[in-house]
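# Structural description and commentary
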Amino acid sequence: MDAAKYIWMNGEYKAWDDAKTHVLSHTIHYGNGVIEGTKAYKTADGYAIFRLNDHTKRLKESAKMTLIDIPYTVEEMNEAQLELIRKNEFKGDNVYLRPFAFLGYGVMGVYHKDAPVETVLAAWEWGAYLGEEGLKSGIKLKIASMTRAGNTSSMGKAKATANYLNSQMAKFEAIDCGYDEALLLDDQGYIAEASGACFFMVKDEEIITPPNDNSLASITQKTVIEIAKDMGYTVARRRVTREEVYVADEVFLTGTAAEITPVKDVDARIIGNGARGEITEKIQTAYFDIVFGRNEKYKHYLTYV
Ligand code: PMP
């Protein structure tokens, strides 16, 4: 990864190499932590963070769900993220922000009430999550052999560190089998989400994306639904089966890091014409116009640094 200059940790800007924790930190052993993934783009008027408040608010909500008491307000963390971008003096088009909270050193055993909460805001330059080529030509998806952990045993709507064991196993399997990304079903066999992104398909001009019954309450998915409706498309939020995916006209993934990534193949079934679909491309163009500040109508989603 590309190191930056500073990381904000518990209210202080520390040199990148000094933002450290003890090996006996609670989260390393028991996995209770919460993360965000937020992005800043270099617009014509300087860096702007996309949907900053929504991301910081989700961090606080994830923490509430997992009983982690972050001692900073959304406003304080928003301000600190803006300052972090300024202090780091980034140069490239894409800056990824990783706000997170974890349980630090001092308590062992599963019961975590007295474990200290560490709050961190990091940022670094990071390009296309699923590759530049993937954004243009599409990626290959494999439906994972593991299902997404059910709501009866995990908190899927939280962006909780613990949920990423499931994602990691699925992603590793997909790549090991020669694919680019994993698609996870829920425990009923319906599409839940990808290992780090949301699922969309197009069939007969209709755009379909599953509800968040068993997936992260995604900010990009919400944005894409809004953009697509604005462009005049019908968007259905309903459960989707594996067979429907195989015969979709277009498939794409959405996420802060994944942006709008076309899918050209799912489990060896070529999707549409095996390249970026027409509607996918239109939505992708619209999304990049919005995040780079080229669309006045959506400027309220940008917080300029
Ligand atoms: N699902 C998972 C498991 C993710 O990690 C992500 C990325 N944060 C998403 C969906 C997409 O969420 P968002 O659009 O809020 O980035």
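Preceding this section is the structure that the text describes.
Everything in this summary refers to the structure shown in the same document. Every value quoted in this text rests on a predicted model; they were computed, and no experiment measured them.

Quick notes on the rules
- Residues numbered from 1 in each chain as written.
- Predicted model: local features only at pLDDT ≥ 70, side-chain atom pairs only at ≥ 80, totals over all residues.
- Heavy atoms only, no water.
- Salt bridge = Lys/Arg side-chain N within 4 Å of Asp/Glu carboxyl O.
- Helix = DSSP H or I, 4+ residues; strand = E, 2+ residues; numbered from the N terminus.
- Buried < 20%, exposed > 50% of the residue type's maximum accessible area, 1.4 Å probe, protein only.
- Near = heavy atom within 4 Å.
- Polar contact = N/O pair within 3.5 Å; in protein donor to acceptor, adjacent residues only side chain to side chain.
- Areas by Shrake-Rupley, 256 points an atom, 1.4 Å probe, with all protein chains shown as cover.
- Nonpolar A, V, L, I, M, F, W, Y, C, P; charged D, E, K, R; others polar.

## Overview of the pattern of salt bridges
Using the criterion set out here, one finds 15 salt bridges in the structure. Notably, a salt bridge pairs R86 with E83, separated by 2.8 Å at the nearest N-O pair. Of this pair, R86 and E83 both sit in helix α3 (residues 74-88), 3 residues apart, roughly one helical turn. By relative accessible area, which is 36% here, R86 ends up partly exposed. Among the salt bridges present, the one from E181 reaches K171, with a minimum N-O distance of 3.3 Å. Residue E181 is found in strand β9 (residues 181-185), and its partner K171 is found in helix α5 (residues 164-176); the two are separated by 10 residues along the sequence. Residue K171 is classed as buried on the basis of its relative accessible area, which comes to 17%. Three or more residues are tied together by salt bridges with common partners; here these are E79, E83 and R86.

## Focus on the site of the ligand
Around the ligand sit 14 residues in total, of which K159, Y164, E193, T220 and T256 are the nearest. Contacts to the ligand include K159, whose side-chain N or O atom sits 2.7 Å from a nitrogen atom. The separation between an oxygen atom of the ligand and a polar main-chain atom of I219 is 2.8 Å. Taking 390 Å² as the accessible area of the ligand by itself, protein coverage stands at 96%. The residue inventory of the shell around the ligand, partitioned by class, reads 5 nonpolar, 6 polar and 3 charged.

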